[in-house]
Amino acid sequence: MTQEIIKFASEIFPFRNVKQKTITDIFSEYDFKIADFQKNETVFSKNNYRKTVGFIIDGKCEVERARSSGDSIPLNSLTRYSSFGILSVFSQGAEFPTVIKAVTPCKIMFISGEDMISIVKKYRTVALNIITFLSDRIAFLNNKIETFSEKSTCAKLASYLLAKYKAFGNEIVVSRTKLSAE
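Nothing here was measured: the structure is a model prediction, and the numbers come from that model. (Residues numbered from 1 in each chain as written. Predicted model: local features only at pLDDT ≥ 70, side-chain atom pairs only at ≥ 80, totals over all residues. Heavy atoms only, no water.)

Colleague: Could you give me a rundown of the pairing of strand β5 (residues 72–78), with the residues and numbers involved?
Modeller: Relative to β5, strand β4 (residues 61–66) runs antiparallel, the two sharing six bridges. If you follow Glu62 over to β5, its bridge partner there is Ser77. The antiparallel hairpin formed by β4 and β5 contains five residues in its connecting segment, where Gly70 sits at a positive phi of about 105°. (Pairing = 2+ DSSP bridges. Helix = DSSP H or I, 4+ residues; strand = E, 2+ residues; numbered from the N terminus.)

Colleague: Give a detailed account of the packing of aromatic side chains, specifying residues and quantitative values.
Modeller: Summed over the entire model, instances satisfying the criterion amount to nine aromatic pairs. For the ring pair Phe27 and Phe32, a centre distance of 3.8 Å and an interplane angle of 10° mean the geometry is stacked. Between Phe37 and Phe110 the ring centres are 6.2 Å apart and the planes differ by 70°, which places this aromatic pair in the edge-to-face class. You can see Phe37 sitting in strand β1 (residues 32–37) and its partner Phe110 sitting in strand β8 (residues 106–112), a full 73 residues away along the chain. On the basis of relative accessible area, Phe37 is assigned to the buried category, the value being 10%. For Phe110, a relative accessible area of 6% translates into the label buried. Sitting over the ring of Phe110, Arg50 keeps its end group 5.1 Å from the ring centre. (Phe/Tyr/Trp six-rings, centres within 6.5 Å; stacked < 30°, edge-to-face > 60°. Buried < 20%, exposed > 50% of the residue type's maximum accessible area, 1.4 Å probe, protein only. Lys NZ or Arg CZ within 6 Å of the ring centre and 35° of its normal.)

Colleague: Could you give an account of the sheet that holds β8, naming the residues involved and the relevant values?
Modeller: One open sheet holds the four strands; their spatial order is β1-β8-β3-β6, and the pairing between them is antiparallel. Single-partner strands in this sheet number two, and they are β1 and β6 (83–84). Bridge count for strand β3 (residues 52–58) against β6 is two bridges, and the pairing is antiparallel. If you follow Gly54 over to β6, its bridge partner there is Phe84. Across the face of the sheet, helix α4 (residues 113–122) comes into contact with β1, β3 and β8 while running at roughly 65° to β8. (Contact = heavy atoms within 4.5 Å. Axes fitted to C-alpha atoms, helices over the stretch in contact; angles between N-to-C directions.)

Colleague: Tell me about the nonpolar core, residues and numbers included.
Modeller: Counting residues in hydrophobic clusters, the biggest one holds 27 residues, and the most contacted among them are Phe15, Phe27, Phe32, Phe55, Met109, Ile119 and Val126. At the level of secondary structure, the elements contributing two or more residues to this core comprise α1 (3–9), α2 (20–29), β3, α3 (86–90), β8, α4 and α5 (124–148). Top contributing element to this core by residue count: α1, with four residues. Among the nonpolar cores identified, the runner-up in size contains 13 residues, and Phe44, Cys61, Val63 and Ile108 belong to it. (Core = buried A, V, L, I, M, F, W, Y, C linked by side-chain atoms within 4.5 Å.)

Colleague: Give a description of α4 that names residues and reports values.
Modeller: Restricting attention to buried positions, one finds in α4 the residues Gly113, Asp115, Met116, Ile119 and Val120. For α4, the arc enclosing every buried residue in end-on projection is 160°, short of the 170-degree limit, so these residues lie on one face. Relative to its buried face, α4 has exposed residues pointing more than 90 degrees away, namely Glu114 and Lys121. (Arc of directions from axis to C-beta.)

Colleague: So what's going on with α2? Which residues, and what values?
Modeller: When α2 is considered as a whole, its buried residues turn out to be Ile23, Ile26 and Phe27. Considered in projection along α2, the buried side chains sweep an arc of 95° and stay on one side of the axis. Residues of α2 that are exposed and angled more than 90 degrees away from the buried face: Lys21 and Ser28.

Pasting the structure below:
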């Protein structure tokens with residue numbers, strides 16, 4: 001792997017606070033694949049996914065949830081250093097619940113599920129980073145449940161805006177389109 005990819009890896013969640021030499025060793029020992037996707041190309045979907053973790057090197061992707069009506073709801077935007085697929089590796093029998101599409105041309109690094117599990121078993125700091133990441137996701141989902149369990153629309157909106165305020169400091173960063181979808 002190139003030094004540019006090693007430097008990129010030091011910024012993604014599994015390899016934060018991991019020594020550069022260790023990252024280099026990991027990248028020499030395991031098979032990391034880099035793939036290019038064109039604008040509007042589906043990266044992952046319920047019917048087209050593998051137990052692997054993806055990291056956005058360049059470009060932008062959108063995470064969408066398909067609805068029974070045939071359209072979809074945008075859930076999240078993924079940009080450089082964002083990841084997807086960790087659930088598919090560390091859960092038993094879970095399906096890939098969303099669609100990931102390239103919004104712009106993208107370059108994505110993939111780590112297979114088997115390799116990720118092997119890395120976790122061998123490198124303690126990587127394991128702790130993944131546990132921290134997954135714990136943060138659980139906390140995020142608990143906040144979402146709290147927001148949705150409010151009785152009135154006004155209380156739901158207030159809870160949502162408070163969560164956004166806490167996440168971004170003294171300003172609330174959310175578009176009206178995204179707000180209406182959530």
